[in-house]
Amino acid sequence: MTTIHIGHILQYATLLSILMGGLGLVVAVGIHREQAKTQIFLAMSAQYSELLKNSSAEFWLGVPSGKDLPERTDDLMISMLRFCTLVSLTQILFLERRIPKRMWELMLRSAERRFRSPLFMREWEHLRTEFEAFPEFITLVTSVHRMPTHFENLGAGLVRPGQKEGH
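Residues numbered from 1 in each chain as written. Predicted model: local features only at pLDDT ≥ 70, side-chain atom pairs only at ≥ 80, totals over all residues. Heavy atoms only, no water.

Help me understand the overall build of the protein chain in this model?
Counting its secondary structure elements, the protein chain contains six helices and zero strands. Counted from the first residue to the last, the protein chain has its helices and strands arranged as α-α-α-α-α-α. Counting the 167 residues in the protein chain, one finds 25% classified as buried. When contacts within the protein chain are restricted to residue pairs at least 6 apart in sequence, those whose partners lie at least 24 apart make up 67%. Carbon together with sulfur atoms contributes 60% to the accessible area of the protein chain, which is approximately 11,800 Å² in total. (Helix = DSSP H or I, 4+ residues; strand = E, 2+ residues; numbered from the N terminus. Buried < 20%, exposed > 50% of the residue type's maximum accessible area, 1.4 Å probe, protein only. Contact = heavy atoms within 4.5 Å. Areas by Shrake-Rupley, 256 points an atom, 1.4 Å probe, with all protein chains shown as cover.)

As structure tokens, this is what we get:
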């Protein structure tokens, strides 16, 4: 029969305590990351909702073809500037891996529709200088302007900036 010395028991207990502490730390960090992502999502949703509430229908729904674009107004420019700021900040959060890819893709789909609208394209030249500090965002908007719409070229294998082909 082997006798276990009190020293061995203390060593095993210490090792087990350290492992449990490490596991607790890993779980706490994981929970914190999920909470941070949830808080970011809720804050972005609130900003998006506020933007919807305070913006004109033409900005969100587009101008029917054949109808003249509305005149440039301060309210329209502010709505577009706020929208671009929200999208650019979301892009930065995605590029820095602060938000999940799915969250970015949801924002990007909505943004692409706005970016392709004739109203946005007209106003972009006035807004572009505001985003010179965010060259990735300027690249995104410019590339969306060059992309054919899904009606023009289905399955063309378009690659968005920062996305590798085949992914």
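Still more ground to cover, so stick around.
What is the right way to read the side chain of S88 from this model?
Residue position: S88 is located in helix α3 (residues 74-95). For S88, the side chain forms a polar contact with the main-chain oxygen of T85, separated by 3.0 Å. In contact with S88, other than residues within four places in its own chain, are F131, F134 and F137. (Polar contact = N/O pair within 3.5 Å; in protein donor to acceptor, adjacent residues only side chain to side chain.)

Looking at this model, I keep getting lost on the confidence of the model for the protein chain. Mind explaining?
Detail in the predicted coordinates should be disregarded across regions flagged by low pLDDT. On average, residues of the protein chain score 80 in pLDDT, and 83% of them are at 70 or above. Confidence, expressed as mean pLDDT per element, reaches its minimum in the protein chain at helix α2 (residues 57-61) with 69 and its maximum at helix α6 (residues 135-146) with 92. Here residues 151-161 scores under 50 on pLDDT; set against residues more than four positions off or in separate chains, the count is eleven contacts. (pLDDT = per-residue confidence, 0-100.)

Which parts of the structure should I look at to understand the nonpolar core?
Across soluble globular proteins, nonpolar side chains have a tendency to be buried as a group. Core analysis: the largest hydrophobic core is formed by 28 residues, its most contacted members being V87, F115, W124 and F137. Counting only elements with at least two residues in this core, the list comes to α1 (6-54), α3, α4 (101-116), α5 (118-127) and α6. It is α3 that contributes the most residues to this core, seven residues altogether. Excluding residues within four positions of it along the chain, V87 makes contact with W104, M107, A111, F115 and F137. (Core = buried A, V, L, I, M, F, W, Y, C linked by side-chain atoms within 4.5 Å.)

Any chance you could explain the packing of α3 against α6 here in plain terms?
Here α3 crosses α6 at 110°, and the two axes come no closer than 10 Å. For the element pair α3 / α6, the angle class is roughly perpendicular. Judged by the twist between their axes, the crossing of α3 over α6 is right-handed. In contact with C84, V87, S88, Q91 and L95 of α3, α6 contributes E136, F137 and L140. Split by residue class, the contact of α3 with α6 holds five nonpolar, two polar and one charged. (Axes fitted to C-alpha atoms, helices over the stretch in contact; angles between N-to-C directions. Parallel < 35°, antiparallel > 145°, perpendicular 65-115°, else oblique. Left-handed = near helix turned anticlockwise from the far one by under 90°. Nonpolar A, V, L, I, M, F, W, Y, C, P; charged D, E, K, R; others polar.)

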